[in-house]
Amino acid sequence: MELPYVTLPLDETLSRRWDRFYARPAGRPRHVEEGLWRRTQDPRNAEQSGWAGPEDARRRIVHYRHEFSADPARGLALAQMYVFHSCAYPGPEAALHHDQVGKALVAGNWTQLGETVWRRGSLRCAVRTHEVHPQDVRAGRAMPAGYRHVEVTVRSDGYRPAGPGEAELPWKVLAGGMRVKDRRGEPEIVSDLSGLAGFLPFQVEVGCGMSVEAGIPALHRLHEVYRVTDRSDDSFVLSPEADTFLTGLLGAPEAKLPELVEMFGACLRAEPTPAHRVLRSLARAGHLVGPVVTNNFDGLFDRLGMQECYVRRYDEQVPDVPFLPEARALLVIGSHADRRRVQARARQRGLKVFFLDPEGFEDHGVWRPYPVEGAREGDVLCRRPATPALTDFAALLGADK
């Protein structure tokens, strides 16, 4: 397995896009894709984690960071990759997981370089085990008796960490506490956004809904790729039998890598939708003010010349959001649980909160309800897709030209 791993050819349009928005970005490094999940058992998440008593303390942490490069001759390529996978299981389950990793290394024709290190082309794999994890000792976390820890790190030759704290990031996120679901309130349900016209100018927060309309996979696709959530019932993947991520990556890297790079390629290829352009028209007309608050990493608003306030984080903290003094409302489009604190801060400042969200999505021909978790009494919810609802609203304001 050799890197750079070419993922798709670049035509003139994509080459120019790369040079302008990825190779020399203003702000965050857009040539990097990163994700981090922690899955733990706790009485507060028992429905998803399977927690049934104090002996249930299974834990999985998955952190990845991939760097991409591009040139017209070779195309878009995965230049460097990093995957960190840590699990804590009862002894027999940890032993099974460790055995599965070992068999995958053999099946994948990795060459053992030492007791804990393997090589396959440009990739290196390190496997370590702990009876008591040093990070748990440092944090004062006590695991049930008999639990064991297995850690696997896969990285490319010459991989450059993002900074000295990269290895500590998963543990800082773990120490930050789990995300507890909010209790849904009773927003006013409306058929359109006409009520927003009484609260101009407004600011906007955008989730992945508009990106999905642009052809980018929903974020739950990454949950499938890295096997952190079982999509059939939304349960956490917390067993060696259900966790097929590492066995796939180690046992057949050439087959797994296309999945690891598909999200980045989709973002590069995607075009802003009519909904993105309507929001730009509303901003030019003065009805929409401030930067677009977003946790999307596709940069579609940036391509339209609109400023973005990027709030994606891996813990429960949300950075300061620049609410403008003249803003009277916050319109939240396709954003569900993760950024609910942005909405809470808007309410604290006296802004009226409007949601534009169908509260569900089509999944292989099946409608899956997906309620907006952060909606509260006093909020307004319009259950329409973004493009038609925003188009009608812009026409109402005469900003559709």
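Before any of the text, the structure's been laid out above.
These numbers come from a predicted model, not from an experiment.

Rules used in this analysis
Residues numbered from 1 in each chain as written. Predicted model: local features only at pLDDT ≥ 70, side-chain atom pairs only at ≥ 80, totals over all residues. Heavy atoms only, no water. Helix = DSSP H or I, 4+ residues; strand = E, 2+ residues; numbered from the N terminus. Rg over C-alpha atoms; globule rule 2.2 N^0.38 Å. Buried < 20%, exposed > 50% of the residue type's maximum accessible area, 1.4 Å probe, protein only. Contact = heavy atoms within 4.5 Å. Areas by Shrake-Rupley, 256 points an atom, 1.4 Å probe, with all protein chains shown as cover. Lys, Arg positive; Asp, Glu negative; His and termini not counted. Charge placed at Lys NZ, Arg CZ, Asp CG, Glu CD. Pairing = 2+ DSSP bridges. Axes fitted to C-alpha atoms, helices over the stretch in contact; angles between N-to-C directions. Arc of directions from axis to C-beta. Core = buried A, V, L, I, M, F, W, Y, C linked by side-chain atoms within 4.5 Å. Polar contact = N/O pair within 3.5 Å; in protein donor to acceptor, adjacent residues only side chain to side chain. Phe/Tyr/Trp six-rings, centres within 6.5 Å; stacked < 30°, edge-to-face > 60°. Salt bridge = Lys/Arg side-chain N within 4 Å of Asp/Glu carboxyl O. Parallel < 35°, antiparallel > 145°, perpendicular 65-115°, else oblique. Nonpolar A, V, L, I, M, F, W, Y, C, P; charged D, E, K, R; others polar.

Caption draft 1: Structural context of the overall build of the chain. Scanning the chain for helices and strands turns up 13 helices and 19 strands. The C-alpha atoms of the chain give 23 Å as radius of gyration, which agrees with the globular expectation for 401 residues (21 Å, within 12%). Its C-alpha atoms give the chain principal-axis dimensions of roughly 70 × 55 × 40 Å. Evaluated residue by residue, the chain yields a buried proportion of 51% over its 401 residues. Long-range pairs, those at least 24 residues apart, make up 73% of the contacts in the chain between residues at least 6 apart in sequence. With the model as given, the accessible surface of the chain reaches about 17900 Å², and the carbon-plus-sulfur share is 51%. In the chain, 53 positive and 54 negative side-chain charges are present, and the distance between their average locations comes to 3 Å.

Caption draft 2: Molecular detail of the pairing of strand β8 (residues 147–156). Extensive coverage of β8 is indicated by the burial of 8 of its 10 residues. Taken together, the 9 bridges between strand β4 (residues 75–90) and β8 define a ladder with antiparallel strand orientation. The residue of β8 that forms the bridge with F84 is T153. Of the strand pairs in this sheet, strand β7 (residues 123–130) and β8 are connected by 8 bridges, and their pairing is antiparallel. Residue pairing across strands places C125 opposite V154, the latter belonging to β8.

Caption draft 3: Summary view of the sheet that holds strand β19 (residues 380–382). Pairing within the open sheet is parallel, and its 7 strands lie in the order β9-β19-β16-β15-β10-β13-β14. Of all the strands in the sheet, just β9 (188–190) and β14 (308–310) have a single pairing partner and so form its edges. Each strand axis lies, on average, 25° off the axis of its neighbour in the sheet, ignoring direction. Inspection of the sheet shows strand β15 (residues 329–333) paired to strand β16 (residues 352–356) by 5 bridges, in the parallel sense. Residue L330 lies in a different strand from β16, and its bridge partner there is V353. Packing against the sheet, helix α12 (residues 340–348) makes contact with β10 (202–206), β13 (292–294), β15 and β16, and its axis sits at approximately 145° to β16.

Caption draft 4: Quick look at α12. Here α12 has its buried residues at R340, V342, Q343 and A346. Buried residues along α12 cover an arc of 155° about the axis, so they all sit on one side. Residue G350 follows α12 closely and has a positive phi angle near 85°.

Caption draft 5: Examining the nonpolar core more closely. Counting residues in hydrophobic clusters, the biggest one holds 51 residues, and the most contacted among them are M81, C125, V154, Y226 and L257. Looking at this core, the element that brings in the most residues is helix α9 (residues 253–269), giving 7 residues. Dropping the residues within four chain positions of it, Y226 is found in contact with W37, R60, V62, Y64, H66, F245 and L260. L193, V204, L282 and L356 belong to the second-largest nonpolar core, a separate cluster that totals 29 residues.

Caption draft 6: Focus on the environment of A162. The residue A162 is located in the loop between β8 and α5 (169–175) in this model. Between the C-alpha atoms of A162 and P325, which are 163 residues apart in sequence, the distance is 36 Å.

Caption draft 7: Up close: the side chain of R59. Summarising the element assignment, R59 is placed in strand β3 (residues 59–71). At 3.0 Å, the side chain of R59 forms a polar contact with the side chain of D136.

Caption draft 8: Spatial organisation of the environment of V311. Secondary-structure assignment places V311 in the loop between β14 and β15. For V311, a relative accessible area of 1% translates into the label buried. Placed 10 residues apart in sequence, V311 and V321 show a C-alpha to C-alpha distance of 8.1 Å.

Caption draft 9: Main features of the packing of aromatic side chains. Inspection of the entire model under this criterion finds 12 aromatic pairs. Relative to Y226, the ring of W37 lies with its centre 5.4 Å away and its plane at 35°, an arrangement referred to as tilted. Note that W37 is positioned in strand β2 (residues 32–40) and Y226 in the loop between α7 (220–225) and β11 (229–230), a separation of 189 residues in sequence. Within the aromatic cluster, the residues linked to one another by ring pairs are W18, Y22, F68 and F264.

Caption draft 10: Fine view of the pattern of salt bridges. Counted according to the given criterion, the structure contains 25 salt bridges. Here E271 ties to R17 by a salt bridge, and the two come within 2.7 Å at their closest N and O atoms. With a gap of 254 residues between them, E271 in the loop between α9 and α10 (274–284) and R17 in helix α1 (residues 12–23) connect regions that are remote in the sequence.

Caption draft 11: Here's a closer look at the side chain of H63. Positionally, H63 belongs in strand β3. A polar contact is formed between the side chain of H63 and the side chain of E34, at a distance of 2.8 Å.

Caption draft 12: Expanded view of the packing of α1 against α9. Relative to each other, α1 and α9 sit at 100°, their axes nearing to 10 Å. It follows from the interaxial angle that α1 and α9 lie roughly perpendicular. Here L14, R17, W18 and Y22 of α1 come into contact with α9, specifically with F264, C267, L268 and R269. Here the residues of the contact of α1 with α9 sort into 6 nonpolar, no polar and 2 charged.

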